[in-house]
Amino acid sequence: MIRPAKPEDAEAIASLIIRSIREVCGPDYGNDEELLSFWCKNKTAENMRRGIQDPNNYWIVAAEGHIVVGTALLSVSGKVVLCFLLPEYLGRGIGKAMLNDLITKASELGIRKLVLESTRTARNFYKRNGFIELGEIDWMGRVPSFQMDLDIENEGT
């Protein structure tokens, strides 16, 4: 079930994102502890709560029963800020369902193009879902990433 994130989901979201970064993305970044620690340092429940409550964000979770298994965030500017799953839930179509939900919301908001900065790990996921790679960047000067976009006016979801 995909639903809007609630402030009480903040702790589960922070934990989920940290696990995904360390367990799923980590190997694609050589399990570089300095890099992974830098990447995870702001993934606190308080920061997640603030983001959920920000009216400029559309933040969702995928839940199985009472367990938050995935989360995704779209800013009203059209940026897909994040899309993460618990490692054991990869490959079940949940990420695609969350991404499609963000695309639907973007269309409702009149957003015509989505942009994102993909990890090495998620790069092919976004390509399979219609995003075009524009080039390699260093997110925050530290995490090698890929600038991507999707023209949702011409994209069937």
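Predicted model, so just to flag it, every value in this text is computed and none were measured.

Trainee: What should I look at first to understand the packing of aromatic side chains in this one?
Mentor: In this structure the tally under the stated criterion is 3 aromatic pairs. Ring centres of Tyr29 and Trp39 lie 5.3 Å apart, and the angle between their planes is 80°; this geometry places the pair in the edge-to-face category. On the criterion of sequence distance, the pair formed by Tyr29 in the loop between helix H1 (10–25) and helix H2 (33–40) and Trp39 in helix H2 is long-range, its members being 10 residues apart. Given a relative accessible area of 6%, Tyr29 falls into the buried group.

Trainee: Can you walk me through the environment of Lys6 in this structure?
Mentor: Within the secondary structure, Lys6 sits in the loop between strand S1 (2–4) and H1. For Lys6 and Gly95, which are 89 residues apart along the polypeptide, the C-alpha to C-alpha distance reads 19 Å.

Trainee: I'm lost on the pairing of strand S3 (residues 67–75) in this one. Help?
Mentor: The side chains of a regular strand alternate between both faces of the sheet. For S3, the tally of buried residues reaches 8 of 9 residues, placing the bulk of the element in the interior. Where strand S2 (residues 57–64) meets S3, 8 bridges bridge the pair, whose relative direction is antiparallel. Of the residues in S3, the one forming a bridge with Tyr58 is Leu74. A loop of 2 residues connects S2 with S3, the two strands running antiparallel in sequence, and Gly65 in this loop sits at a positive phi of about 65°.

Trainee: Mind showing me how you'd approach the pairing of strand S4 (residues 79–85) here?
Mentor: In terms of burial, S4 is a largely internal element, 5 of the 7 residues being buried. Pairing analysis gives 5 bridges linking S3 to S4, with the strands arranged antiparallel. Paired with Gly70 across the strands is Leu85, a residue of S4. The hairpin formed by S3 and S4 contains 3 residues between the paired strands, and Gly78 there has a positive phi angle of roughly 100°. Alignment of S4 against strand S5 (residues 113–118), held across 2 bridges, turns out to be parallel. What sits directly across from Val80, in S5, is Leu116.

Trainee: For this particular structure, what's the right way to read the pattern of salt bridges?
Mentor: Pairing is possible between side chains of opposite charge, provided their charged atoms come close. The tally for this structure, following the rule as stated, stands at 11 salt bridges. The residue Glu133 makes a salt bridge to Lys127 at a minimum N-O spacing of 3.2 Å. A residue is classified by how much of its surface remains accessible, and Glu133, at 26% relative accessible area, is partly exposed. The class of Lys127 is partly exposed, set by a relative accessible area of 39%. Linked through salt bridges whose partners overlap, the residues forming this network are Arg19, Glu23 and Glu88.

Trainee: So what exactly am I meant to see when it comes to the side chain of Asp149 here?
Mentor: Within the secondary structure, Asp149 is located in strand S7 (residues 143–151). When its relative accessible area of 11% is taken as the criterion, Asp149 is described as buried.

Trainee: Would you mind going over unusual backbone geometry with me for this structure?
Mentor: Most peptide bonds are trans, and most residues other than glycine sit at a negative phi. Of note, the phi angle at Asn31 is positive, near 45°, even though the residue is not glycine. Mapped onto the secondary structure, Asn31 falls in the loop between H1 and H2. Residue class for Asn31 comes out partly exposed when judged on its relative accessible area of 46%.

Reading the values: rules and limits
Residues numbered from 1 in each chain as written. Predicted model: local features only at pLDDT ≥ 70, side-chain atom pairs only at ≥ 80, totals over all residues. Heavy atoms only, no water. Phe/Tyr/Trp six-rings, centres within 6.5 Å; stacked < 30°, edge-to-face > 60°. Helix = DSSP H or I, 4+ residues; strand = E, 2+ residues; numbered from the N terminus. Buried < 20%, exposed > 50% of the residue type's maximum accessible area, 1.4 Å probe, protein only. Pairing = 2+ DSSP bridges. Salt bridge = Lys/Arg side-chain N within 4 Å of Asp/Glu carboxyl O.

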